[in-house]
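Examining the three-dimensional arrangement
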Amino acid sequence: MSRYLVIILLCIINTLASGQGIAVSPSRIFFDGEMGQTVSQAITFTNTSTSEFNFVAGMKDWDRDSLGVKVYYNPGSKENSNVSWLQLSQNAIQLAPGESKSVNLTMNIPDDAAKRGQTNSMIFFTQVKEQQGNQKPGFNMNVLLEIGVQVYYTPSGLSRGDLEFLAFEDRGTTKSAERMVRQMDVKIRNTGQINKDAYVRFELTNIQTGEEIPIESIAVAMMPQAEQWVRFSLPDDLPSGKFLAVAILDAGSQYDLKIAEKEITY
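Small disclaimer: the values here were computed from a predicted structure and weren't measured.

Observations regarding the overall build of the protein
- Looking only at helices and strands, one finds 1 helix and 18 strands in the protein.
- Scored against the burial criterion, the 266 residues of the protein give a buried share of 39%.
- Partitioning the intrachain contacts of the protein with sequence separation of at least 6 by distance along the chain shows that 71% fall at a separation of at least 24.
- If you sum the accessible surface of the protein, you get close to 14,700 Å²; carbon and sulfur atoms cover 47% of it.

Describing the nonpolar core
- Phe-168, Val-186, Ile-188, Val-200, Phe-202, Leu-204 and Leu-234 are the most contacted members of the largest nonpolar core, which totals 33 residues.
- Among the secondary structure elements, those contributing two or more residues to this core are strand 9 (119-127), strand 11 (163-176), strand 12 (179-190), strand 13 (196-206), strand 15 (218-222), strand 16 (227-235), strand 17 (242-250) and strand 18 (258-265).
- With near-sequence residues (within four places) excluded, Phe-202 lies in contact with Phe-168, Met-184, Ile-215, Phe-232, Leu-234, Ala-245, Val-246 and Ala-247.
- Ranked by size, the runner-up nonpolar core spans 26 residues in total, among them Phe-55, Leu-95, Met-107 and Leu-145.

Side note on the pattern of salt bridges
- For the structure shown, the criterion picks out 12 salt bridges.
- Across the pair Glu-263 and Lys-242 runs a salt bridge whose closest N-O atoms are separated by 4.0 Å. Taken together, the residues Glu-263 in strand 18 and Lys-242 in strand 17 connect sequence positions 21 residues apart.
- The structure contains a network of salt bridges with shared partners spanning Glu-164, Lys-187, Arg-189 and Glu-227.

A closer look at unusual backbone geometry
- That bond from Ser-25 to Pro-26 is cis: its omega, 0°, falls within 30 degrees of zero.
- Examined against the element boundaries, Pro-26 turns out to sit in the loop between strand 1 (22-25) and strand 2 (28-31).
- Backbone geometry places Gln-225, a non-glycine residue, at a positive phi of 60°.

Here we look at the packing of aromatic side chains
- Applying the stated criterion across every chain, the model contains 10 aromatic pairs.
- Centre to centre, the rings of Phe-45 and Phe-125 are 4.8 Å apart; their planes meet at 85°, and the pair counts as edge-to-face. Within this pair, whereas Phe-45 is found in strand 3 (residues 38-47), its partner Phe-125 is found in strand 9, the two being separated by 80 residues in sequence.
- For Phe-125, a relative accessible area of 0% translates into the label buried.
- Measuring from centroid to centroid gives 6.1 Å for Phe-53 and Phe-55, while their planes differ by 10°, and the two rings are stacked. For the pair Phe-53 and Phe-55, one class covers both residues: buried.
- Among the aromatic side chains, those forming a connected cluster through ring pairs are Phe-45, Phe-53, Phe-55 and Phe-125.
- Sitting above the plane of the Tyr-73 ring, Lys-78 keeps its charged end 4.4 Å from the centroid.
- Between Arg-160 and the ring centre of Tyr-255, over which it is positioned, the NZ or CZ distance is 4.8 Å.

Rules used throughout
Residues numbered from 1 in each chain as written. Predicted model: local features only at pLDDT ≥ 70, side-chain atom pairs only at ≥ 80, totals over all residues. Heavy atoms only, no water. Helix = DSSP H or I, 4+ residues; strand = E, 2+ residues; numbered from the N terminus. Buried < 20%, exposed > 50% of the residue type's maximum accessible area, 1.4 Å probe, protein only. Contact = heavy atoms within 4.5 Å. Areas by Shrake-Rupley, 256 points an atom, 1.4 Å probe, with all protein chains shown as cover. Core = buried A, V, L, I, M, F, W, Y, C linked by side-chain atoms within 4.5 Å. Salt bridge = Lys/Arg side-chain N within 4 Å of Asp/Glu carboxyl O. Phe/Tyr/Trp six-rings, centres within 6.5 Å; stacked < 30°, edge-to-face > 60°. Lys NZ or Arg CZ within 6 Å of the ring centre and 35° of its normal.

None of this, on its own, says anything about what the molecule does.
Structure, rendered in structure tokens:
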């Protein structure tokens, strides 16, 4: 099996971990504090299954590509990495059925931390299993769980900035998941120095009839100073006519709503 297929499988399995009887909390850790200070946070594992689970920990750097997909790098290779500041109280976790257990994550904030702005890393907890002695020669695959916890450090005094629309594009009709869809893309920029979460709501209205077509909202997470495309798939079987497409960017009560509009013809 190729390395890339393994990574894809692990990403899929990560989203199903709670369904496999394993819960890890929190999934994101936000440290703050003064230079030279040591801060810590407990990470709690709960095994609600009838099986034993064993995990080993590892760390990587990461960021997001132009579509918001996480991309991983060797630890310490990115300028905004904080991997070298982190230490776990234990790197191996064994969970009996029904057991809960916590490990402590410690961050030693260096004296020059503020110069780097907001930093981040990812801690992976990867399931390990004993090799079965009766496996047949040739291709064998154990599908294991891998769970990621995002770790941020935010020094004081960083600019909160804002989220804003940069572009609103009609990409036309394309094939997605074995069906034809009309793809609309909006481009967003995070002007601030801190990570931001937001929802992009999309409204589609038939200009002639006033009918509103429901479109599912999309959650986005933006790295500092990042630009990112958000893609919406519209039904391709709508009646011919003119439609008003409205994208609404909602980053929470601390920010004003941003609105972008585009008229399209089916």
